[in-house]
Structures are given as structure tokens and as C-alpha cells.
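# Per-entry structural report
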Amino acid sequence: MKTTKLIIVLIGIALFAWQCRDGLDDQNDCTTVSLSATPYEIVIPPFFPPMDIPADNPMTLEGIDLGRHLFWEVKLSEDNTLSCGNCHFPEHAFSDPNQFSLGTQGIAGTRQAMPLFNLGWAQDYFWDGRALTLEEQILEPVPNPIEMNIPWEDAILKLEDDALYPSKFDKAFGLGAITKEKAAKAIAQFLRTMVSANTKYDEFRLGLAELTPLEEMGLDLFIREGGNPEDGNGGQFGADCFHCHGFGNMQFTDYLPHNNGLDAEFEDLGYGGVSGNPLEMGLFKTPSLRNISFTAPYMHDGRFQTLEEVLDHYDSGGVASTTIDPFMKYTTGGLQLTDIDKLALTAFLNTLNDEEFLLNEDFSDPFE
Ligand code: HEC
Ligand code: HEC
């Protein structure tokens, strides 16, 4: 079985290399994979769905190693001060504890840096979903004036002059010029290996750990309909988190955009700002709740410092607006959670923390 898979991967790589031979490889979407690179098969955690890996970017050990180095490479910024990892900190599940990250020019953005894990399962990227693939997403921070602020061509010149990169690119992608597409593909391969699935909750699902009564109560609230049953809306005095943060898929997000009732009017239009669709104004990508204790502050603009504030927000039912999600209980007096309910929910959310992921040396700065 394993050998068959390996052969299929090798044939895929060979076909791909053949397609991209001579002259064709300067087309943006055609990057050669080195025939001598070692295929890497990602391990899908129990109960997770399969991961879609783009056919034109098969994972290899050499590609992942290059991606890790580039992720931590300050030469991808104008003044050699900022790497991806300087806004995406391992100890914060690769998010930023600052409300807004500072770019090389000391300019702050208007959105909170997102944590980076389990990205191989997402359908789009950024708070407003404006990138449809990881490869596409990664091209953005480098030239972005409020982030790394360097044209890709200049960053590539620096990589070409470096002692490390020419051979690393050759090993991953075969002989040829260093391109931004190859760099993005390598970083995407690295990001896809950043799987976080080692939590108390995962162990519980596997029958290897037990939840405390408080954690179990929190789980029950998480997956129960919210609101007062007397309102006639099917409420069960639950907390109703599962509708948007998923449950069965083990990701703790449905990866879809929603408006969770933060504002009556939208300063940041979210998905609507990209699509222009009035029905998407104020909708943002639903974040995973895995590793949630490490990723404060919360929401696209980092407005909440603590999980208590987040729970108070949901308890209130949120603020009415043109696009508020029907699953928010704003019309019916909110969730009406008790203090004990909130403690239980927090206890349950804490079972989604994966300390081992934060410390995983495969993801740490290779230059240290
Ligand atoms: C100056 C700080 C900063 C730097 C440097 C930076 N990022 Fe980010 N990153 C952010 C912010 C802020 C967001 C959210 C932006 C938005 O939604 O508009 C983000 C979002 C992302 C996302 C989307 C995650 C998701 O769940 O949709 C990925 C992936 C990502 N960054 C990877 C990278 C990579 C790779 C690099 C290096 C090439 C990098 N970032 C450099 C701040 C930064
Ligand atoms: C209607 C869909 C919906 C429901 C119901 C919902 N959420 Fe959310 N949640 C979202 C969206 C969308 C965001 C991001 C919103 C933004 O940043 O503008 C979010 C953000 C969060 C965040 C911040 C995550 C981060 O990384 O910043 C936490 C924590 C959270 N939700 C917890 C919960 C809990 C606990 C419940 C149940 C009490 C719940 N959510 C119910 C859609 C929902």
C-alpha cells in the first residue's frame, strides 16, 4: 500500500517536472519539483478530514526545510529586521500578542495577526478570505508596505547572494532561478506541516483521557442550542458555539465567514470589502478555537483581551446589524449563561490547548 502511494507520488512529480521542462518554467504557475527531492506524506490526525494538497505543490522534505528557513528569514524584509515568525510567535500558537503587529516602518495594521496551525484544511486565508490558497496568501506580506515592505525581486536578489538558499532551492525544486512562486510554495509546504492535534480533547476523543465534570459541562453547553426555550426558538439554554465553530470536523471552526454581532456599523467590511456583496459586509473568517488560551487578544481587531470578555459578548447576544448571523441570539435576550456556565465553557475551551505544538522544534527558528 505504502509503495503504491510512493510510486503514484513519484509519477506525479515526474509528470509535473516533464510538464514544466524547458522554457515553460518561467510561467508563474509552473515550478519544477526536484526529482531527487524526498516525498513527504503528511499524517492526518484521527477524525480530521483529508487535507487537499495542490497538485502543483507536492510536499517534499527539502521543500519543507526550505520553507521553514524562509519563514524565519529576516532577509524577506526591507531592512533585514522582520521575518514571518516575528509577527507569528510560536509561544502564541504563531499569532501576535500585540493587538496590531508593527511592520518594518513601525506602522501598525488594523487587524490582529492570525494564529498559524491546521491551515491545510482552510478554504481561504486572511480575516476577509481574500487569498484562496496558501501559496497566494504568502506572496502578500513580503511586499506589503505595513509588513515586510520589500519588492519580491529585491528579496530574491538577497536570497541569491546568500550562502544557503541557491542550493536549498535547487534541492527542493530542481535547478533554475529562485522565484517568488518557489519561495511561496516552500513556505506553504512548511505551513501545511504545522498540524496541531495533541490536546486533552483529542485524547478524550480517542478514549485516552477523561474530562473533568466542569469540562464536560462546558462541552455540553458548547454543542447545545442557545437561549431561553420559552422564546419558542428551540433554545435549550446552551451556548450555541458549535454552529459556527464546528464540532464534528475537529477543527473548531467551519472555516466559513460569519458576522458574530460585534458592531452595528462596520469600520472593517471584512468579506464584503473584498467581494462588494452587501450580504457579506462585516463577515469575518471564523477562527479555530484550538490553542485559544495562547492567542489573545481576540477577534479580527483584537478588541477583547480575555476569554471572559469574549464569553460576555456572546452571552449578550451581540449587536444587531444588517448581516448579523441568525445563530446570534441578539433578538431574544442573549444566551443567558450563568457564571458557572461561563466557567465551564472556559474549562472546556482550555482542553483545546496543545502545548506540544508550541514547543515543536520542527517549526522553531532554525537560525537560533
Ligand atoms: C507585520 C506582521 C506580519 C508579518 C511580518 C507576517 N504576517 Fe502573516 N499575518 C499578519 C496579520 C496582521 C494577518 C491578518 C491580516 C488580514 O487578515 O488582513 C496575517 C495573516 C496570515 C495568514 C492567514 C491565516 C489564516 O488563518 O487565514 C497566514 C497564512 C500568514 N499570515 C502567514 C505569514 C507568512 C508566511 C509570513 C512571512 C512571509 C507572514 N505571515 C508575515 C501579520 C504578519
Ligand atoms: C454566528 C457564528 C458564531 C457563533 C455562534 C460563535 N462564534 Fe465565535 N467567532 C465567530 C466569528 C466569525 C469570529 C471572528 C469574528 C471577528 O473577528 O470579527 C469568532 C471569534 C471567536 C473567538 C476569537 C478567536 C480569535 O482567534 O480571535 C472566540 C474565542 C470565539 N469566537 C468563541 C466562541 C464561543 C465560546 C462561542 C459560543 C459561546 C462562539 N464563539 C459562538 C463566529 C461565531
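Every chain begins its residue count from 1, and numbering advances along the sequence as written. Note on labels: chains are lettered from A, ligands numbered from 1, in written order. With the structure being a predicted model, the display of local features is reserved for residues of pLDDT at least 70 and the display and counting of side-chain atom pairs for 80 or more, all residues being used for whole-chain, interface and lining totals. Only heavy atoms go into the side-chain values, all of them from the structure, while hydrogens and water stay out.

Numbering of helices and strands runs from the N terminus, with a helix taken as a DSSP run of H or I at least four residues long and a strand as a DSSP run of E at least two residues long. From N to C terminus, the protein chain includes 13 helices and 2 strands. It is over C-alpha atoms that the radius of gyration is taken, and the globule rule equals 2.2 Å times the number of residues to the power 0.38. Relative to a compact globule of 368 residues, whose C-alpha radius of gyration would be 21 Å, the protein chain shows 22 Å and is just as compact. On the principal axes, the C-alpha backbone points of the protein chain span a range of 70 × 50 × 40 Å. Buried means the residue's accessible area, taken with a 1.4 Å probe over protein chains only, is under 20% of the maximum for its type, while exposed means over 50%, and partly exposed covers the values in between. Here the protein chain holds 368 residues, and 52% of them are scored as buried. Within the protein chain, counting contacts between residues at least 6 apart in sequence, those at least 24 apart form 63% of the total. Exposure was quantified through the Shrake-Rupley algorithm and a 1.4 Å probe, taking into account, for residues, occlusion by the shown protein chains and nothing else. Entry remark: accessible area of the protein chain is about 17,200 Å², with carbon and sulfur atoms responsible for 57%. Here the protein chain carries 22 positive and 58 negative side-chain charges, and the mean point of each set is 6 Å from the other. Residue contacts are defined here by distance: any two heavy atoms, one from each residue, within 4.5 Å place the two residues in contact. Note on charges: Lys and Arg go in the positive column, Asp and Glu in the negative column, and His and the chain ends are not counted at all. Where a charge sits is defined by one atom per residue type, namely NZ (Lys), CZ (Arg), CG (Asp) or CD (Glu).

Coordinating donors are taken to be N, O and S atoms lying within 2.8 Å of the metal, or within 3.2 Å when the metal is Na, K or Ca; because water is excluded from the atom set, some sites may appear incomplete. Ligation of the iron atom of ligand 2 by protein atoms is provided by His245 (NE2) and Tyr314 (OH), these donors lying 1.9 to 2.1 Å from the ion. Think of it this way: with four donors and all angles in the 85 to 135 degree range, the site is tetrahedral; with four or six donors, opposite ones beyond 155 degrees and the rest between 65 and 115, it is square planar or octahedral; otherwise it is irregular. One can describe the site at the iron atom of ligand 2 as octahedral: its 6 donor atoms subtend angles covering 84 to 179° at the metal. Of this pair, His245 sits in helix α9 (residues 242–245) while Tyr314 sits in helix α11 (residues 307–316); the two residues are 69 residues apart in sequence, bridging distant segments of the chain. In this structure His245 comes out as buried when scored by relative accessible area, which is 10%. The class of Tyr314 is partly exposed, set by a relative accessible area of 21%.

The subject of this paragraph is the layout of surface pockets. A 1.4 Å probe that fits but cannot get out identifies a cavity on a 1 Å grid over protein atoms alone, an open set with protein on both sides within 12 Å along at least five of seven lines counts as a pocket, and a residue lines either if it has an atom within 4 Å of a point. Grid points are joined across faces, edges and corners, and a volume is the space filled by probe spheres set on the points. Within this model, the largest pocket holds a volume of roughly 910 Å³. Contributing to the lining of the largest pocket are 45 residues, with His88, Ala113, Met114, Phe126 and Gln137 lying nearest its centre. Among the elements that take part in the lining of the largest pocket, helix α3 (residues 134–138) stands out by supplying 3 residues, more than any other. Throughout, the ten residues Ala, Val, Leu, Ile, Met, Phe, Trp, Tyr, Cys and Pro are labelled nonpolar, Asp, Glu, Lys and Arg are labelled charged, and all others, Gly among them, are labelled polar. Of the residues assigned to the lining of the largest pocket, the class counts are 27 nonpolar, 13 polar and 5 charged. Each domain span listed reflects an automatic or database assignment of domains. Counting the residues that make up the lining of the largest pocket, at least three belong to each of domain 1 (37–194) and domain 2 (200–352).

The near set for a molecule or strand comprises every residue that places at least one heavy atom within 4 Å of it. Taken together, 25 residues surround ligand 1, and among them Cys84, Cys87, His88, Phe126 and Lys285 come closest. The definition of a polar contact used here is a pair of N or O atoms within 3.5 Å, where within protein one atom must be able to donate a hydrogen and the other to accept one, and adjacent residues in sequence count solely through side-chain atom pairs. Here His88 contributes a side-chain N or O atom positioned 2.9 Å from a nitrogen atom of ligand 1. Note that an oxygen atom of ligand 1 is positioned 2.8 Å from one of the backbone N or O atoms of Trp127. In this structure the site holding ligand 1 corresponds to the largest pocket. With 3 residues, the top contributor of residues to the shell around ligand 1 is α3. Here the shell around ligand 1 is built from residues that sort into 16 nonpolar, 5 polar and 4 charged. Assignment to a cavity or pocket requires that more than half of a molecule's atoms be within 2 Å of the site's grid points.

A complete count under the given rule lists 2 cavities of 30 Å³ or more for this structure. A volume near 620 Å³ is recorded for the largest cavity. Contributing to the lining of the largest cavity are 37 residues, with His245, Asn260, Leu289, Met299 and Tyr314 lying nearest its centre. Only α9, β2 (284–285), α11 and α12 (339–350) provide two or more residues apiece to the lining of the largest cavity.

Close to ligand 2 lie 23 residues, the nearest being Cys241, Cys244, His245, His300 and Tyr314. Between a nitrogen atom of ligand 2 and a side-chain N or O atom of His245, the distance comes to 2.8 Å. Its atoms largely coinciding with the cavity grid, ligand 2 occupies the largest cavity. Taken together, the elements giving at least two residues each to the shell around ligand 2 come down to α9, β2 and α11. Among the elements that line the shell around ligand 2, the one with the most residues is α11, at 4 residues. In terms of residue class, the shell around ligand 2 is built from 15 nonpolar, 5 polar and 3 charged.

A word on the packing of aromatic side chains. Any pair of Phe, Tyr and Trp rings, taking the six-membered ring for Trp, is counted once the centres come within 6.5 Å. Such a pair is stacked with planes under 30 degrees apart, edge-to-face with planes over 60 apart, and tilted for the rest. A full pass over the atoms with the stated rule returns 17 aromatic pairs. On the numbers, 5.9 Å between centres and 70° between planes, the contact of Phe222 with Phe252 is edge-to-face. With a gap of 30 residues between them, Phe222 in helix α8 (residues 213–222) and Phe252 in the loop between α9 and β1 (257–258) connect regions that are remote in the sequence. In terms of burial, Phe222 and Phe252 fall into one category: buried. One aromatic cluster is present, built from ring pairs that chain together Phe71, Trp72, Phe94, Phe117, Phe190, Phe357 and Phe363. Two conditions define a charge located above a ring, namely a distance within 6 Å from the ring centre to NZ of Lys or CZ of Arg, and an angle within 35 degrees of the ring normal. Sitting over the face of the ring of Phe126, Arg130 holds its NZ or CZ atom 3.7 Å from the ring centroid. A cation sits over an aromatic face here: Arg205 above Phe47, 4.4 Å from the ring centre.

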